[in-house]
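Structural overview
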Amino acid sequence: MKRVLATAGHVDHGKSTLVRALTGREPDRLAEERARGLTIELGFAWTRLPSGADIAFVDVPGHRRFIGTTLAGLGPATAVVFVVAADQGWQAQSSEHLAALRALGIRDGVLVLTRSDLADADRVEQVRGEAARRLSAAGLEVPGVAVSARSGAGMDELREALDALVARIPHPDPDAPVRLWCDRSFTIQGSGTVVTGTLGAGTLRVGDHLALVSSAGAREAVVRGLQSEDVAHESVGPVSRVAVNLRRVDAAEAGRESVLITPGAFALARVIDVRLEPVTTGDEPPTGAGRSAGADGSDGLPARVTLHVGSADHPARTRPLGGLHARVSLDQVLPWRVGDRALLRDPGTRQLWSAQVVDVDPLPLRRRGAARRRAEALEGADARSLADVRLRSRQADHPGALEQLGLSEPAEAVRVGGWWVDPAAVQVWSQRVVEGVREHHATHPLSPGLAMAEVAHLLELPEHLRTATDGGSLPSGLPTPAPELVRHVVVAAGLRTTDGRVHAPGHGGLGRAESAVTELEVRLRAAPFAAPEREELSRLGLGSTELAAAARQGRLLRLPDDIVLLPDGPARAMRELAALEQPFTLSQARQALGTTRRVAVPLLEHLDGRGWTRRVDGQRRQVVR
């Protein structure tokens, strides 16, 4: 079993010294860090506890100038070793680190009182009590251990506390998708680009094809090699510090802002909606002085913040929605799931907000009052109903998109083919289609109805349902739902479809031409090949438009030169022609059918075109058997 813990605490309170005493390894790897006795970049060291559990430490800087690096180390961690020097007590950066832990949702760890040999017993207990009180107020009910890294006092008790911590931390899922936030990248001659990070879930294997998401976009990366704790592995599971040697990746493409993910397992987006919780350090003045009026909600959020997620930090723009919700926009895509935690920081005031993702790639807010309505919808939602809130805003969504976001199936939805559809949207679309079909019938009484493409246009589907775009919430390569939605809406609207044309129930007649066509049908059933002359058709009021409408509805068959027969006329003719001695002439065919040359010539050519008859020579044909 492996676990990764992050250190936290005020600058020069002995975090690196403690890690060195526990592991026998130097976490400060830069010469400048060792010369100044100050952690500047993230340090890493590991050891084996008495229980046999492997544990690694991410040593973060304590100085406020390196708060971005500190948050990069805390982001992927699940538990913390919180360090307070017994001889100095609680300090400013102790409060800032605690606020960051609270914002990131880290709720377990161990309190370590370092340099206990430099303070008397009363002072140690005083510092322990104050630190425990502050941690408890932030949701960290953790054991406290007083140690001296130099003399070794208390170190065995600390190892026991770490063993207990490892035992109670939830087991990560080794089969989960990989999302490795990279905190370092470098090049090794002969091997290429290497990135390091904390693998919190999933399993990495040599040969894996992953996606590297960075400021350049998303591109394929192949795992060439793996190391954990300076040992090469064919696979590495969670939770582990891991170094990944990547093939096909330039070092310039992989920095602290880059992320390695399982392809297609996360939603890539530049915009997220979040639920905010302002986080205080515990040192602010009481209500009023020194705090913005909107600090208890999104109204106090500045327009420009730094977003910290995983080991990455990005400049971001915010738009308060109202209440505790806001929209956050970035300049590059990141891999998200609903429920992800991030941290928003105002670089000027150092105010922190804990941000929990409630939707990814939300639709634009363009209409007046849209932000307020969006906030109201999100305010009443919990983890189980967020899928329904998302569906109501988008009208339809693909299960693949919900799976990427880690959302369950929506409870208030209709399954249409491979899509989830909002029932309220179906009602709106149905009304539009009914009105459109009625208007079409009124304007074009001879029309058999609207084509499916015309019905789709009536639906006025939003753009995200008409086109699939890379980088959005719709998984690349999935078909758009329009065809399935159109068919479902037609049925829901109580309409009918005949030969691909949508029409109202009962429609299908020919309006003012109905009686004339009916009369003609009666005559042709009595004399199938006695096609009326053009003048007689005109007298009946059957011009080209009416005859074309009757043909579309399958009521009549039109041959060249305005020859009109019943649709079964060719089949009737074949029965008569098959009885003739083969081959036969035009005259013999005309006599067998009891018709004129005007009708027989186009009818025989029609049969030739179908392949039912064929010419033998210039004068004769025969039936194709």
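Small disclaimer: the values here were computed from a predicted structure and weren't measured.

1. Focus: the overall build of the protein
On a plain count of helices and strands, the protein comes out with 19 helices and 32 strands. Put simply, the protein has 625 residues, and 50% of those count as buried. Summarising the internal contacts of the protein: among those between residues at least 6 apart in sequence, 68% fall at separations of at least 24. When the accessible area of the protein is evaluated, it comes to approximately 27,900 Å², of which 48% is carbon and sulfur surface.

2. Things to note about the pairing of strand 32 (residues 620-623)
By the alternation rule, side chains of strand 32 split into Arg 621 and Val 623, which are all buried, and Arg 620 and Gln 622, of which none is buried. Pairing between strand 30 (residues 584-585) and strand 32: 2 bridges, direction antiparallel. Note that in strand 32 the partner of Thr 585 across the bridge is Arg 620. As paired strands, strand 31 (residues 613-615) and strand 32 are joined by 3 bridges and run antiparallel to one another. Residue pairing in the sheet places Arg 614 in a bridge with Gln 622 of strand 32. Where strand 31 folds back on strand 32, the antiparallel hairpin that results is connected by 4 residues.

3. Let's talk about the sheet that holds strand 27 (residues 501-503)
Judged by pairing direction, the sheet is antiparallel, and its 3 strands sit side by side in the order 25-27-26 without closing on themselves. Looking at strand neighbours, the two that pair on one side only are strand 25 (450-451) and strand 26 (496-498), the edges of this open sheet. Bridging between strand 26 and strand 27 involves 3 bridges; their strand directions are antiparallel. Looking at the pairing, Arg 496 lines up with His 503 of strand 27.

4. With respect to the environment of Ser 116
Take Ser 116: it is sitting in the loop between strand 5 (109-114) and helix 5 (121-137). Its relative accessible area of 16% is what places Ser 116 among the buried residues. Residues within four places of Ser 116 in sequence aside, it is in contact with Ala 86, Val 124, Ala 146, Val 147 and Ser 148.

5. Some points on the environment of Ala 326
Assignment of secondary structure puts Ala 326 in strand 19 (residues 325-336). Remark: the alpha-carbon pair of Ala 326 and Arg 275, spanning 51 residues in sequence, is separated by 6.7 Å.

6. A closer look at helix 10 (residues 423-443)
Compared with the 30 Å implied by 1.5 Å per residue over 21 residues, the 30 Å span of helix 10 between its first and last C-alpha is a close match. Here helix 10 has its buried residues at Ala 425, Val 426, Trp 429, Ser 430, Val 433, Val 434, Gly 436, Val 437, His 440 and His 441.

7. Thoughts on the pattern of salt bridges
This model, assessed by the stated rule, comprises 30 salt bridges. Notably, a salt bridge pairs Asp 359 with Arg 374, separated by 2.7 Å at the nearest N-O pair. Linking Asp 359 in strand 21 (residues 352-360) with Arg 374 in helix 7 (residues 370-379), this pair joins segments that are 15 residues apart in sequence. For Asp 359, a relative accessible area of 2% gives the class buried. The network of salt bridges with common partners includes Asp 273, Arg 327, Asp 359, Arg 374, Arg 390 and Asp 397.

8. Thoughts on the environment of Val 421
Tracing the backbone shows Val 421 in strand 24 (residues 419-421). In this structure, the C-alpha to C-alpha distance between Val 421 and Ala 396, residues 25 residues apart in sequence, is 4.3 Å. When residues no more than four places from it in sequence are discounted, the contact partners of Val 421 are Leu 391, Gln 395, Ala 396, Ala 413, Val 414, Val 416, Val 426, Trp 429 and Leu 485.

9. A word on the packing of helix 18 (residues 586-593) against helix 19 (residues 597-610)
Where helix 18 meets helix 19, the axes come as close as 10 Å, and the angle between the chain directions of the two elements is 110°. Put simply, helix 18 runs roughly perpendicular to helix 19. Within the contact between the two elements, helix 18 uses Leu 586, Ala 589, Arg 590 and Leu 593 and helix 19 uses Arg 597, Ala 600, Val 601, Leu 603 and Leu 604. In terms of residue class, the contact of helix 18 with helix 19 is made up of 7 nonpolar, no polar and 2 charged.

10. Some thoughts on the confidence of the model for the protein
Summarising the model, the protein shows a mean pLDDT of 83, and 87% of its residues fall at 70 or more. Averaged over each element, pLDDT in the protein is lowest for helix 2 (residues 31-36) (34) and highest for strand 9 (residues 204-205) (96). A low-confidence stretch, residues 28-41 (pLDDT under 50), is modelled with 34 contacts involving residues beyond four sequence positions or located in other chains. Across residues 62-68, confidence stays below pLDDT 50; counting only partners more than four residues off in sequence or on other chains, it has 21 contacts.

11. What about the packing of helix 17 (residues 569-578) against helix 19?
Where helix 17 meets helix 19, the axes come as close as 11 Å, and the angle between the chain directions of the two elements is 95°. By the angle between their directions, the pair helix 17 and helix 19 is classed as roughly perpendicular. In this structure, helix 17 contributes Pro 570, Ala 573, Met 574 and Leu 577 to the contact, and helix 19 contributes Leu 603, Leu 604, His 606, Leu 607 and Arg 610. A class-by-class count of the residues in the contact of helix 17 with helix 19 yields 7 nonpolar, 1 polar and 1 charged.

12. A few points about the side chain of Asp 273
With respect to the element layout, Asp 273 can be found in strand 16 (residues 267-279). A distance of 2.9 Å separates polar atoms of two side chains, one belonging to Asp 273 and the other to Arg 374. Setting aside residues up to four positions removed in sequence, Asp 273 forms contacts with Leu 321, Ala 326, Arg 327, Gln 356, Val 357, Val 358, Asp 359, Pro 362, Arg 374 and Leu 378.

13. Re unusual backbone geometry
That bond from Pro 238 to Val 239 is cis: its omega, -15°, falls within 30 degrees of zero. Mapped onto the elements of the fold, Val 239 is located in the loop between strand 13 (235-236) and strand 14 (240-247). Residue Pro 583 follows Gln 582 across a cis peptide bond; omega there is -10°. Of note, Pro 583 is situated in the loop between helix 17 and strand 30. One non-glycine residue, Asp 561, lies in positive phi territory at about 65°. Relative to the assigned elements, Asp 561 resides in the loop between strand 28 (557-559) and strand 29 (563-565).

14. Observations regarding the side chain of Thr 306
Inspection of the secondary structure assignment puts Thr 306 in strand 17 (residues 304-309). We classify Thr 306 as buried; its relative accessible area is 13%. Beyond its immediate sequence surroundings of up to four residues, Thr 306 is in contact with Asp 313, His 314, Leu 343, Leu 344, Arg 345 and Pro 347.

15. Some remarks on the packing of aromatic side chains
Scanning the entire structure with this criterion turns up 1 aromatic pair. With centroids separated by 5.5 Å and ring planes inclined at 5°, the aromatic side chains of Phe 82 and Trp 90 adopt a geometry described as stacked. Accessibility assignment for this pair places Phe 82 and Trp 90 in one class, buried. One cation-aromatic arrangement involves Arg 337 over Phe 266; the distance from NZ or CZ to the ring centre is 4.9 Å.

16. Some words on the pairing of strand 10 (residues 209-214)
The buried count for strand 10 comes to 5 of 6 residues, which makes it a mostly enclosed element. Taken together, the 6 bridges between strand 10 and strand 11 (residues 217-228) define a ladder with antiparallel strand orientation. When the bridges of strand 11 are listed, Leu 210 appears paired with Ala 221. The antiparallel hairpin formed by strand 10 and strand 11 contains 2 residues in its connecting segment. As paired elements, strand 10 and strand 15 (residues 259-261) share 3 bridges and run antiparallel to each other. Bridge pairing links Val 213 to Val 259 in strand 15.

Cut-offs applied
In this convention, every chain numbers its residues from 1, walking through the sequence in written order. Two thresholds apply to this predicted model, a pLDDT of at least 70 for residue-level local features and 80 or more for giving and counting side-chain atom pairs, whereas whole-chain, interface and lining totals are computed over all residues. Only hydrogens and water are removed before side-chain values are computed, so all heavy atoms of the structure are retained for them. Helical segments are the DSSP runs of H or I of at least four residues, strand segments are the runs of E of at least two, and each set is numbered from the N terminus. The classification of residues rests on relative accessible area computed with a 1.4 Å probe and restricted to protein chains. Under 20% of the type maximum is buried, over 50% is exposed, and intermediate values are partly exposed. Should any heavy atoms of two residues lie within 4.5 Å, those residues are considered in contact. Here the Shrake-Rupley method, with its probe set to 1.4 Å, supplies the accessible areas, and only the displayed protein chains count as covering residues. By the convention used here, strands pair only if DSSP detects at least 2 bridges between them. To estimate how far a helix should reach, multiply one less than its number of residues by 1.5 Å. Put simply, a salt bridge is a Lys or Arg side-chain nitrogen that is within 4 Å of an Asp or Glu carboxyl oxygen. Note on geometry: axes are C-alpha line fits, over the in-contact stretch for helices, and angles between N-to-C directions span 0 to 180 degrees. Under this scheme an angle from 65 to 115 degrees is roughly perpendicular, one under 35 degrees roughly parallel, and one over 145 degrees roughly antiparallel; angles in between are oblique. Note on residue classes: Ala, Val, Leu, Ile, Met, Phe, Trp, Tyr, Cys and Pro are nonpolar, Asp, Glu, Lys and Arg are charged, and everything else, Gly too, is polar. Confidence scores labelled pLDDT are given residue by residue by the predictor and lie between 0 and 100. Here a polar contact means two N or O atoms within 3.5 Å. Within protein one must be a hydrogen donor candidate and the other an acceptor candidate, and residues neighboring in sequence count only if both atoms are side-chain atoms. Pairing of aromatic rings covers Phe, Tyr and Trp, the last through its six-membered ring, and needs centres within 6.5 Å; plane angles under 30 degrees mean stacked, over 60 mean edge-to-face, and all others mean tilted. In this scheme, Lys NZ or Arg CZ marks a charge over a ring once it lies within 6 Å of the ring centre and within 35 degrees of the ring normal.

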